[in-house]
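Report on the structure
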Amino acid sequence: MSNALSRAVERYGAFRDEWYALPALVAASLILLAAMPFLRQLALFGYAPLGWLSLNMLIITLIWATTAQAWNIMSGYTGQFSFGHAAFFGLGAYATIILTGTFGISPWIGMLLGSVLAGIYGLLIGALTFRYDLEGHYFALAATLAFAELLRYVFTNVPQLGGASGFFRPLAREYADGPGLAAFQFTGDLPYYYLILGFLTVVTVVSLAINRSQLGYYLFAIREREQAAAAIGVPTYRYKLLAVAVSAFFTAWPGAFWAMYFNTIRPTTVFDLLVNIEILLPAIVGGIGTVLGPIVGSFIVIPVSEFVRQSFSVPGLNNAVYGVILIAIVLYSPKGVVSWPSRFVELLRARTDLLDDDAA
Amino acid sequence: MLSSFLPDACCREAAGVAFVGAFDALGIQTALGLSLPSPTIFAQYFVFAVLLGGIYGLIALGLTMIFGVMDVINFAHGALMVVAMYAVLVFSDATGLSPFFAIPFAVLLLFVFGVVIYRSTIAPIIDAPQENQLIVTFGVLLILISGVEIAFGSDPRQLGSTSAPSKSPACSFRRGSCTRSSSRSSRCLERGCSSSEQCSVARSAGPRTTATARSTSGSTSPDRRAHLRDRCRAGGLAGAVIPLFQSFTPALGDQYLINAFVVVVLGGLGSFPGAFVGGLIIGFIQVFGSAYLGGSTYQIVIFMAFILVLLVKPEGLLGGRR
């Protein structure tokens, strides 16, 4: 092995152990994302390597990155798996569009109300499912999924809530002076991109803060061994509820963004079973319980799926791609893609040690 | 279960009259402002509710069995049912035989599917945390459903008119509109019902003994594999029965699966009688709900019942703490 490579590996290993490694990596990736709209136009010798990433695709990727980041705060940190985050996503979307379209209230207030509503709904789900601690995972699965599906059927069957056909996004001049930040609507895609990047940054910073705080240690303790955590005095029930509420609150944000970015929302687009999957998939692929995982994962899963969907006119094929990625990751790298550099370093270190032993 | 004891249309009608009579006596009809249909239709609803309840019980049985024995939550259960539905379609279209002959074929096919899925995805990570197995079965679900969608399209399908039992389009309960089925097709419903229940009773008797065997001898891999096959066959059976009475789409499995999850929790996790009691409750809510409430409001009622059980008796109607 070349000397330069092993030195670089050593340096990375030392950097990884520093306390500032994670914030630095997070900041670097957010800056990279901020530069993305320009990077994709960058041409090397007349060929743009990122040219196939359309702005629309980037926005969709960041929407799911944000939801996955919010999902991660609950499910990744506390180990309480949620299959029903579409409920919070949809509540954010519907609260925003109903308040804006029907009452002419600013979408920002709608988003805030939707987030609070989602947080309360999350507390309700948590209170009902955590209290009895019966067969943990199965129970949580059935309950979270049922609560999400309940909302789907409520919104489908109540005409005042839009019914099966949902709502059209109102025109910006109906409730504001026109397109702009205050109206939550823009004429081009680029402002939308930076807005969702802003959302992602906020959720990521919150996630990082929780990760580094006392609260984070409590949550991790619950994930690793709940009974032991309770035995040393962590009020597990209260902290699980807190994690659900925070997670639900932030999941509603990209929901509101979805409502203001696309032309229509319907129960089948925001409450669908598949939305539950799209929310948790990036976190699983990137690495459950890590801060960078959901961002990295979303940039693997969503562009590939969108690429498949747009390139081959076979409906359903992109879902099969989801399935294959899911199985491959869980079977071969359950810690996710973000664990790969560390694994690589360890692999190289082991090899260097072996070579050193041979030389000695 | 009532349906299997009603030999012909005359008796069914009589039962319907008795039922409506009881309804009237209680004053429910006037209190709710419902206009009850003729006793014949009411009896048919009743029969159909029992049938659907049996199907739900069968699916829930597969879920609760596989969870109780292997600690694996199988998300692909509904997808396997969909595979069975289309297997029945292909078989009866290709051979022109009655779909009843296709059921063993579907069960056998699902058995093979079960072994392949277990070998390729679940066995390698059987000792991993529970979420991982859950996610893997989710991946299987996505692949199976997409495969069916690519092969057959996502339009609703129905068994061909060459097959006698489903000559009249029976009920499309997804849309909540129940058309009046001829006496011939309702007899078919009855047969489907009794056959599904008999089979599932037989199946529920088997695993219970192996489950106790496992608890004494410790869990071994071949044992677990056998259960997975059993489970797939139960799912296959339920799936194979469904085309006999309704049209189906690749997405139908999800709906059945979610309600089956509800049934499992409703009846009590790990309780076999609970699965059937829960299944019957959901079946009745769905059939009568879609007849009287319109739309898919019945589904809201189902989830409300679920939340009520969570609040009042979280261990399920027939479940105790294990």
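Presented here is a report on the structure given in the accompanying data block. (Residues numbered from 1 in each chain as written. Chains lettered and ligands numbered in written order. Predicted model: local features only at pLDDT ≥ 70, side-chain atom pairs only at ≥ 80, totals over all residues. Heavy atoms only, no water.)

1. Re the overall build of chain A
Across its full length, chain A carries 15 helices and two strands. Relative to its full complement of 360 residues, chain A shows a buried share of 54%. Put simply, of all contacts in chain A between residues at least 6 apart along the chain, 75% involve residues at least 24 apart. Here chain A contributes 19 positive and 19 negative side-chain charges, whose respective centroids are spaced 4 Å apart. (Helix = DSSP H or I, 4+ residues; strand = E, 2+ residues; numbered from the N terminus. Buried < 20%, exposed > 50% of the residue type's maximum accessible area, 1.4 Å probe, protein only. Contact = heavy atoms within 4.5 Å. Lys, Arg positive; Asp, Glu negative; His and termini not counted. Charge placed at Lys NZ, Arg CZ, Asp CG, Glu CD.)

2. Some remarks on the environment of G268 of chain B
Assignment of secondary structure puts G268 of chain B in the loop between α9 (252-267) and α10 (272-292). Considering only alpha carbons, one finds G268 of chain B and V301 of chain B, 33 residues apart in sequence, at a separation of 19 Å.

3. What to know about the interface of chain A and chain B
At the interface, 38 residues of chain A touch 45 residues of chain B. Of the roughly 3,900 Å² buried between chain A and chain B, counting both surfaces, carbon and sulfur atoms make up 82%. In this structure, the connection of chain A to chain B is made through zero salt bridges. Secondary structure elements with two or more residues in the side of chain A that touches chain B: α6 (136-157), α12 (273-286) and α14 (317-332) of chain A. For the side of chain A that touches chain B, the element with the most residues is α6 of chain A, which contributes 14 residues. (Buried area = accessible area lost by both parts, 1.4 Å probe. Salt bridge = Lys/Arg side-chain N within 4 Å of Asp/Glu carboxyl O.)

4. What about the side chain of T61 of chain A?
Looking at where T61 of chain A falls in the secondary structure, it is placed in helix α3 (residues 55-78). Residue contacts for T61 of chain A: discarding those within four places in its chain leaves S298, F299, I302 and P303 of chain A.

5. Regarding helix α4 (residues 77-95) of chain B
Every α-helix carries 3.6 residues per turn, so stepping three or four residues along brings you back to the same face. All names here are of chain B. Taking 1.5 Å as the rise per residue, α4 with 19 residues should run 27 Å; its terminal C-alpha atoms sit 27 Å apart, in good agreement. Counting buried positions along α4 yields 15 of 19 residues, so the element is predominantly enclosed. Looking at the residues trailing α4, positive phi occurs at G96, about 75°. (Expected span 1.5 Å × (residues − 1).)

6. Quick word on unusual backbone geometry
Despite not being glycine, F184 of chain A has its phi angle at roughly 65°, a positive value. Mapped onto the fold, F184 of chain A is located in the loop between β1 (167-168) and α7 (189-212).

7. Digging into the pattern of salt bridges
Residues and elements named next belong to chain A. On inspection of all chains with the given rule, the structure shows four salt bridges over all chains. With a shortest N-O distance of 3.2 Å, E224 and R223 are connected by a salt bridge. Taking relative accessible area as the criterion, E224 reaches 56% and is therefore assigned exposed.

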